[in-house]
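These are the residues of each chain, in order.
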Amino acid sequence: PNLKQWARDAMKKDNDGVLAGKFAFTARSACQPGGVPGFDVLLGGALFILQSPREVTMIFSGNNETRHIRLEASHSANPKPSWYGESVGHYEGDTLVVDTVGQNGKTFVDAYRTPHSDKLHVIERFRLIDAGKTLEVAMTVEDPETYNQPWQAVLRYRSAPGAPVEAICAENTLQLDYHIP
C-alpha cells in the first residue's frame, strides 16, 4: 500500500513473469551492483569494513562489490547518478550515520525487486551492539516518486571470523542468460 501506482505495476508485471516460470532476476544474478539499501539487505556473503580518517570502505565478498563513504563531507551540488550514488557519513557517538543520494534507477531496494526512482534517499545508522558481536543497521528510505511515505527497517548481522575470499561473480554464476560480462 505504500507504493505509487507505477511501482505496483512494475512489480506485478515482474511477479506475473516469475509465476509463469521466468527466473526471478536479481542484480547479483547478473553480476550487477546491489545499490543502497540493496547493499545492506541483499547480502549473501561476508561484509568487510575498512576505515581511514576520511573514508569508510565496505566490501561485500559475494562479488567483490565495493562501496565508498566519505566522512565529514557534504554532498555534491548535483551528484551524477550511479549504482551506489553518493554516500557521506559522520559519527554521532558510536553510530556511523550515512546519507546516500544520487543513485540511478537500475537497482532494487529489496529481495522482492521493489523498484525506485533516481530520487531515492537513504539514511543508514550503523552501530555495534551485543558487546561488539552484532552490527545493527537502522535505515530510513524515502523516495517521493515511488513511495507514499518514507519507511524504516532494522537489520542485524553477527560477527564471524575470517578473511576475504576471492569470489568473481561472472565465474561463479549458474545463470548464464543474464548478459554476464
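Refer to the preceding data block for the structure.
Everything numeric here is computed off the predicted structure, so don't read it as measured data.

S.K.: Lay out the sheet that holds strand S6 (residues 121-129) in plain terms, naming residues and giving numbers.
M.R.: Here eight strands make up an open sheet; going across it, the order is S1-S2-S3-S4-S5-S6-S7-S8 and the pairing mixed. A strand with exactly one partner marks an edge of an open sheet, and here the two such strands are strand S1 (47-51) and strand S8 (151-158). Mean inter-strand twist for the sheet, computed between neighbouring axes without regard to direction, equals 25 degrees.

S.K.: Just give me the short version of the nonpolar core, but keep the residues and values in it.
M.R.: Val56, Met58, Leu96, Phe126 and Val141 are the most contacted members of the largest nonpolar core, which totals 22 residues. Of all the secondary-structure elements, those providing two or more residues to this core are helix H1 (5-19), strand S2 (55-60), strand S3 (65-71), strand S5 (95-101), S6 and strand S7 (134-142). Among the elements that line this core, the one with the most residues is S7, at four residues.

S.K.: Tell me what's going on with the pattern of salt bridges, and back it up with residues and numbers.
M.R.: Where charged atoms from two side chains of opposite charge come close, those side chains can pair. Taken as a whole, this structure holds eight salt bridges when the rule is applied. The partner of Asp16 in a salt bridge is Lys12, with the nearest N and O atoms 2.8 Å apart. Of this pair, Asp16 and Lys12 both sit in helix H1, four residues apart, roughly one helical turn. Using a relative accessible area of 38% as the deciding quantity, one classes Asp16 as partly exposed. In this structure, the salt-bridge partner of Arg156 is Glu136, at a minimum N-O distance of 2.9 Å. Taken together, the residues span a long stretch of sequence, with Arg156 in strand S8 and Glu136 in strand S7 at a distance of 20 residues. By relative accessible area, which is 9% here, Glu136 ends up buried.

Rules used in this analysis
Residues numbered from 1 in each chain as written. Predicted model: local features only at pLDDT ≥ 70, side-chain atom pairs only at ≥ 80, totals over all residues. Heavy atoms only, no water. Pairing = 2+ DSSP bridges. Helix = DSSP H or I, 4+ residues; strand = E, 2+ residues; numbered from the N terminus. Axes fitted to C-alpha atoms, helices over the stretch in contact; angles between N-to-C directions. Core = buried A, V, L, I, M, F, W, Y, C linked by side-chain atoms within 4.5 Å. Buried < 20%, exposed > 50% of the residue type's maximum accessible area, 1.4 Å probe, protein only. Salt bridge = Lys/Arg side-chain N within 4 Å of Asp/Glu carboxyl O.

This is a description of form; function is not addressed.
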